[in-house]
Amino acid sequence: MTKENTLTRIPMPCQEPGIRSKNFEEVALGYSEDMALAEAGRCLQCKKPLCMQGCPVEVPIRDFIACVVARDYAKAYEKITSSNSFPAICGRVCPQENQCEGRCILGKKGSPIAIGRLERFVADRAGAGAKVDKVLGKGKRVACIGSGPASLSCAGVCARNGFDVDMYEAMHEAGGVLVYGIPSFRLPKDVVAREIEGLSRLGVRFFMNYVGGRTVSVEDLRKEYDAVFIGVGAGLPVFLGVPGENLVGVFSANEYLTRVNLGRAYRFPEYDTPVYPGRHVTVFGAGNVAMDAARTALRMGAESVNIVYRRTRAEMPARKEEIEHAEEEGVAFTMLSAPLCFTGDAEQKLCSVKLQKMELGEPDASGRRRPVPIEGACVDMPTDLAIIALGTRSNPVLLQATPGLSLNDRGYISVDENTGETSIANVFAGGDIVTGAATVILAMGAGRRAGQEIVRRFA
Ligand SMILES: Cc1cc2nc3c(=O)[nH]c(=O)nc-3n(C[C@H](O)[C@H](O)[C@H](O)COP(=O)(O)OP(=O)(O)OC[C@H]3O[C@@H](n4cnc5c(N)ncnc54)[C@H](O)[C@@H]3O)c2cc1C
């Protein structure tokens, strides 16, 4: 391999932008074996692998890449799953550029090893194949409330150690944001389903349409189970609080994406889930959720999709790759603009949004420069579908119905950071309901930690 080859990563083959913006198939097609071998061959096999330090769950990255070089993909899978239960998911959605890849030494002079792409390659080749080791916790029972990555991860650890695990999920399908939030063009539903099937094979039972705090309570579950894990996420949308937000045609990203993804509105007429048809769509926010909503609206047939953000591109929190993909597909960006009010027609249907132009001032508490309104600078933007993607908060349904459960001052569950245990004995929590909206890998890490503590305590 020449020096130049060592410094440049193998590009990910993708569907062409003009084609993919009209379908819900996966955008990134995955490495072929030759590509994976060439990319793995760039790894320097550092004595002190910094990449591992950048991974929230400390996947043995150097060692799994060595296995790929040796074409021992089963061993590579074993290495990864020693600390990450769902590599096919993380290989696709983890923000690797800020984690493992951000620490790769090759990034100093060229491009870092494409660790996420290799992780995905290994996982797709090996498939879900969790090992059953039913001995330790025989006869012990664990209940998980919610079925997102935090609960799935906790359930996996417990089930692999012989515990009987039951999951209680409010929706009719398991997976949390992995199924109702992240669209299939980034994370195909069959990839998530495969991981969930793996858990079912381990004996995990899924109970759908159970709302913790309503149809099932933590107190009741404590009587039946040795331990309870709460992984209900942070799914309550934040709104703008500006006039006109209740007009027909203004949606939270949460509702819009849930209708399209979980409700499979994109597979009309096979699925008849109603979804508001937008011709000129405006999305407010600049994180991954905003990118997903904008790209989804495009695929649902919008003529134009505009992302409106009150800061500049440099401050956008979404992954760089997602911003680039959105742009390639034709999503437009209107920077330094914030909504003042929405206006509607005689039938209360959204027609336009008034935008206040901004400039950047001094940095605020987040370290990003604060957007400041430019007096008198306003424009009207015609729009018939507005999607608000400003973030989410904790949903109070379960929290308010659980006496003795301590919350922090932001309204999330307080836990012991080493064990994940809440203020109620043997009731654990993890994921977004503890940290606030974060990432899949952090939720999985928290679920795993709690699972390990449950095993330690009860096996
Ligand atoms: C559109 C979108 C895109 C994202 N993209 C990325 C990405 O690219 N990379 C990344 O790392 N992260 C991404 N995230 C964030 C990531 O998905 C979350 O941080 C992660 O899913 C949190 O996992 P969790 O298990 O804590 O909660 P969730 O995934 O939210 O799962 C919680 C589950 O609990 C259920 N539930 C809620 N209340 C109850 C109740 N009372 N009773 C029973 N069940 C209940 C919910 O229905 C849900 O199934 C994205 C988030 C969104 C919304």
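Residue numbering note: each chain is counted from 1, following its sequence as written. Since the coordinates come from a predicted model, pLDDT governs what is reported: local features require at least 70, and pairs of side-chain atoms require 80 or more to be given and counted, while whole-chain, interface and lining totals use all residues.

A word on the overall build of the protein
At step 1: Secondary structure elements are taken from DSSP: a helix is a run of H or I of four residues or more, a strand is a run of E of two residues or more, and numbering for both begins at the N terminus. Within the protein one finds 19 helices and 15 strands.
At step 2: Against the 2.2 N^0.38 benchmark of 23 Å for 459 residues, the protein shows a C-alpha radius of gyration of 23 Å, consistent with a compact globule.
At step 3: For the protein, the C-alpha atoms occupy an extent of roughly 70 × 65 × 50 Å along the three principal directions.
At step 4: Using C-beta atoms placed from the backbone, we call a residue buried if 20 or more other C-beta atoms fall within 10 Å of its own, exposed if 12 or fewer do, and partly exposed for counts in between. The buried share among the 459 residues of the protein stands at 48%.
At step 5: Two residues qualify as being in contact provided that their C-beta atoms, derived from the backbone, are within 7 Å of each other. By sequence separation, contacts in the protein at least 24 residues apart represent 70% of the contacts at least 6 residues apart. The globule rule used here is 2.2 Å times the number of residues to the 0.38 power, and the radius of gyration it is set against is calculated over C-alpha atoms.

Side note on the sheet that holds strand β15 (residues 427-429)
At step 1: Two strands qualify as a pair provided DSSP detects at least 2 bridges between them. The strand order β3-β2-β1-β4-β15 describes an open sheet built from five strands, whose pairing is parallel. The sheet is open, and its two edges are formed by β3 (205-207) and β15, each paired on a single side. Here the average twist between neighbouring strands, direction ignored, is 20°.
At step 2: Inspection of the sheet shows strand β4 (residues 227-230) paired to β15 by three bridges, in the parallel sense. Residue pairing in the sheet places Ile230 in a bridge with Ala429 of β15. Helix axes use the C-alpha atoms of the stretch in contact, all axes being lines fitted to C-alpha atoms, and the angles between their N-to-C directions lie in the range 0 to 180 degrees.

Side note on the environment of Val353
At step 1: With respect to the element layout, Val353 can be found in strand β11 (residues 350-363).
At step 2: Along the sequence, Val353 and Asn209 sit 144 residues apart, while their C-alpha atoms lie 37 Å from each other.
At step 3: Apart from residues lying up to four places away in sequence, Val353 is in contact with Thr282, Pro339, Phe342, Met381, Thr383 and Ala386.

What about the site of the ligand?
At step 1: Around the ligand sit 42 residues, and of these Gly146, Gly148, Gly176, Gly233 and Gly431 come closest.
At step 2: Looking at the shell around the ligand, the elements that each hand over two or more residues are α10 (149-160), α15 (288-299), α17 (396-400), α18 (432-435) and α19 (440-458).
At step 3: Each residue gets one of three labels, nonpolar for Ala, Val, Leu, Ile, Met, Phe, Trp, Tyr, Cys and Pro, charged for Asp, Glu, Lys and Arg, and polar for the others, Gly among them. Across the shell around the ligand, the residue classes tally to 24 nonpolar, 15 polar and three charged. Nearness is defined per residue: the C-beta atom, placed using the backbone, must lie within 6 Å of the molecule or strand.

Topic: the nonpolar core
At step 1: Ala290, Ala293, Ala294 and Ile387 are the most contacted members of the largest nonpolar core, which has 129 residues in total.
At step 2: Here this core gets nine residues from one element, more than from any other, and that element is α19.
At step 3: Setting aside its immediate chain neighbours within four residues, Ile387 contacts Phe251, Ala253, Tyr256, Val281, Val283, Ala293 and Ala297. Buried Ala, Val, Leu, Ile, Met, Phe, Trp, Tyr and Cys residues whose C-beta atoms connect them within 7 Å together make up a nonpolar core.

Focus: the domain arrangement of the protein
At step 1: Assigned domains of the protein: these are domain 1 (3-126), domain 2 (141-235 + 394-458) and domain 3 (238-388).
At step 2: Taken together, the contact between domain 1 and domain 3 spans nine residues of the former and nine residues of the latter.
At step 3: Taken together, the residues of the side of domain 1 that touches domain 3 sort by class into four nonpolar, two polar and three charged. Each domain's extent was defined by an automatic or database domain assignment.

Description of unusual backbone geometry
At step 1: Of the consecutive residues Phe268 and Pro269, the connecting peptide bond is found in the cis state with omega at 5°.
At step 2: Mapping Pro269 onto the fold places it in the loop between α14 (253-261) and β7 (280-284).
At step 3: A positive phi is found at Glu58, a non-glycine position, where the angle reads about 55°.
At step 4: Turning to its location among the elements, Glu58 is positioned in the loop between α4 (50-53) and α5 (61-69).
At step 5: Phi angles above zero are rare outside glycine, and Gln348 is one such case at about 65°.
At step 6: By the secondary structure assignment, Gln348 is in the loop between β10 (337-344) and β11.
At step 7: Judged by the 11 C-beta atoms lying within 10 Å of it, Gln348 is exposed.

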